[in-house]
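# Per-entry structural report
Below, each chain spelled out in residue letters.
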Amino acid sequence: MSRQLIVAGNWKMNTNLKEGIKLAKGVSKKTKPSDPLVIMAAPATHLHAVAEVVKDIPGIQVAAQNCSQELSGAYTGEISVGMIKAIGAKYVILGHSERRQYFKEGNALLAKKVKTVLDNSLLPIFCCGEPLAVRKAGNHARHVSKQLREGLFHLSKKDFAKVVIAYEPIWAIGTGVTASPEQAQEMHDKIRKMIVRKYGDKIADNTTILYGGSVKPANAKVLFSQPDVDGGLVGGASLKADDFVKIIKAR
Ligand code: 13P
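Everything quoted here is computed from the prediction, not taken from an experiment. (Residues numbered from 1 in each chain as written. Predicted model: local features only at pLDDT ≥ 70, side-chain atom pairs only at ≥ 80, totals over all residues. Heavy atoms only, no water.)

## A look at the overall build of the protein
The helix and strand tally for the protein stands at 12 helices and eight strands. A globule of 251 residues ought to have a C-alpha radius of gyration of about 18 Å, and the protein, at 17 Å, matches this closely. For the protein, the C-alpha atoms occupy an extent of roughly 45 × 45 × 35 Å along the three principal directions. Here the protein, with 251 residues, has 52% of them falling under the buried criterion. For the protein, the proportion of contacts with a sequence separation of at least 24, taken over those separated by at least 6, is 71%. Here the protein displays about 11,500 Å² of accessible surface, and carbon together with sulfur accounts for 55% of that area. (Helix = DSSP H or I, 4+ residues; strand = E, 2+ residues; numbered from the N terminus. Rg over C-alpha atoms; globule rule 2.2 N^0.38 Å. Buried < 20%, exposed > 50% of the residue type's maximum accessible area, 1.4 Å probe, protein only. Contact = heavy atoms within 4.5 Å. Areas by Shrake-Rupley, 256 points an atom, 1.4 Å probe, with all protein chains shown as cover.)

## Some remarks on the state of the cysteines
Enumeration according to the criterion identifies zero disulfides in this entry. Distance from the sulfur of Cys 127, which forms no disulfide, to the nearest cysteine sulfur (Cys 128) is 7.5 Å. By relative accessible area, Cys 127 is classed as buried at 2%. By relative accessible area, Cys 128 is classed as buried at 3%. (Disulfide = S-S within 2.5 Å.)

## Structural notes on the site of the ligand
The full set close to the ligand counts 13 residues, and Lys 12, His 96, Gly 174, Ser 214 and Gly 236 are the nearest of them. One nitrogen or oxygen atom from the side chain of His 96 is found 2.8 Å from an oxygen atom belonging to the ligand. Here an oxygen atom of the ligand sits 2.8 Å away from a polar atom, N or O, in the main chain of Ser 214. In isolation the ligand exposes 300 Å². Once the protein is present, 96% of that is buried. (Near = heavy atom within 4 Å. Polar contact = N/O pair within 3.5 Å; in protein donor to acceptor, adjacent residues only side chain to side chain.)

## A few points about the layout of surface pockets
In this structure, the largest pocket encloses a volume near 500 Å³. If you trace the largest pocket, you find 22 residues lining it, with Lys 12, Met 13, Gln 65, Asn 66 and Arg 99 closest to the centre. A volume near 200 Å³ is recorded for the second largest pocket. What lines the second largest pocket is a set of 21 residues, among which Lys 12, Gly 174, Ser 214, Gly 235 and Gly 236 lie closest to the centre. (1 Å grid on protein atoms, 1.4 Å probe; cavity = no way out; pocket = protein on both sides within 12 Å on 5 of 7 lines; lining within 4 Å. Points joined across faces, edges and corners; volume = space filled by probe spheres on them.)

## Some remarks on the environment of Ala 220
For Ala 220, the location among the structural elements is in helix α11 (residues 220–224). Taking the relative accessible area as the measure of exposure, Ala 220 reaches 0% and is therefore buried. The spatial distance from the C-alpha of Ala 220 to the C-alpha of Val 62 is 21 Å, given a sequence separation of 158 residues.

## Remarks on the packing of helix α1 (residues 17–30) against helix α12 (residues 241–248)
Relative orientation of the contacting elements α1 and α12 amounts to 35°, with a least axis distance of 9 Å. Between α1 and α12 lies a crossing of right-handed hand. Contacts between α1 and α12 involve Leu 23, Gly 26, Val 27 and Lys 30 from the former and Ala 241, Asp 242, Phe 244, Val 245 and Ile 248 from the latter. Of the residues assigned to the contact of α1 with α12, the class counts are six nonpolar, one polar and two charged. (Axes fitted to C-alpha atoms, helices over the stretch in contact; angles between N-to-C directions. Left-handed = near helix turned anticlockwise from the far one by under 90°. Nonpolar A, V, L, I, M, F, W, Y, C, P; charged D, E, K, R; others polar.)

## Remarks on α1
Spanning 14 residues, α1 covers 21 Å between terminal C-alpha atoms, matching the ideal 20 Å at 1.5 Å per step. Within the span of α1, buried status applies to Gly 20, Leu 23, Ala 24, Gly 26, Val 27 and Ser 28. As for α1, its buried residues are in contact with β2 (37–41), α2 (47–54), β3 (60–64) and α12. (Expected span 1.5 Å × (residues − 1).)

## Digging into the sheet that holds strand β7 (residues 209–212)
Here we have eight strands rolled up into a closed barrel, ordered β1-β2-β3-β4-β5-β6-β7-β8, and parallel in their pairing. Going across the sheet, the axis of each strand differs from the next one's by a mean of 25°, ignoring polarity. Pairing of β3 with strand β4 (residues 91–94) involves two bridges; the strand directions are parallel. Note that in β4 the partner of Ala 64 across the bridge is Val 92. In the packing of helix α5 (residues 107–119) onto the sheet, contacts are made with β4 and β5 (123–128), and the angle to β5 comes to roughly 160°. Sitting on the sheet, helix α9 (residues 181–199) is in contact with β5, β6 (164–167) and β7, with an inclination near 145° to β7. (Pairing = 2+ DSSP bridges.)

Shape is all these values report; function is a separate question.
In structure tokens, the structure reads:
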């Protein structure tokens, strides 16, 4: 799979079904085939309906925000890869910092989830990123390297080539404090070099690395024009069709 420009919206736990369908329709109406690939990560209760809205639009895909590492069974409240695939979603966000922080998902669990997703023909959007204290101590590259080594680097070359990475510094998520284009580029370059060391130049060059953390219409263009920033994973600004469309068209 080659490096692809992607703008993904992570709706998190926002919108009811009616609002979600309206948002999906609003975005669909304004996207063109020449735009980056658009992914909408809707809440699980909306996935089927949102997938129906976008099913005939080749440039838009749907993502789940999480999934179980188990295939089926007595796991109350969980959602399986089979369920996600059956409603027409193609991607699953894994390892978002909110899942790591509030639901204690660690790298070992995420390594299993990544494998389950790939083994069942879905594609992971694997999130990584450091908290503020780690950034202040200058240990951000080490922190992200550990997340990649323990959460992703068990994959074969063939599987790794299907992964999308999202670098989301925690201090930039929902805070309005965006990483500067230089900070984003520096970390994306480091991530690509980590991939070079593990999987070689070709795979690293083809890996899509998204930036996430207070991406807005006003800063998307400068962030996305960095050579190693291949688009964004957008939270708050993906909840307004007009703002999200501006971000999609920013580059
Ligand atoms: P915000 O764009 O609201 O900062 O959220 C980013 C994010 O967490 C996307 O996954």
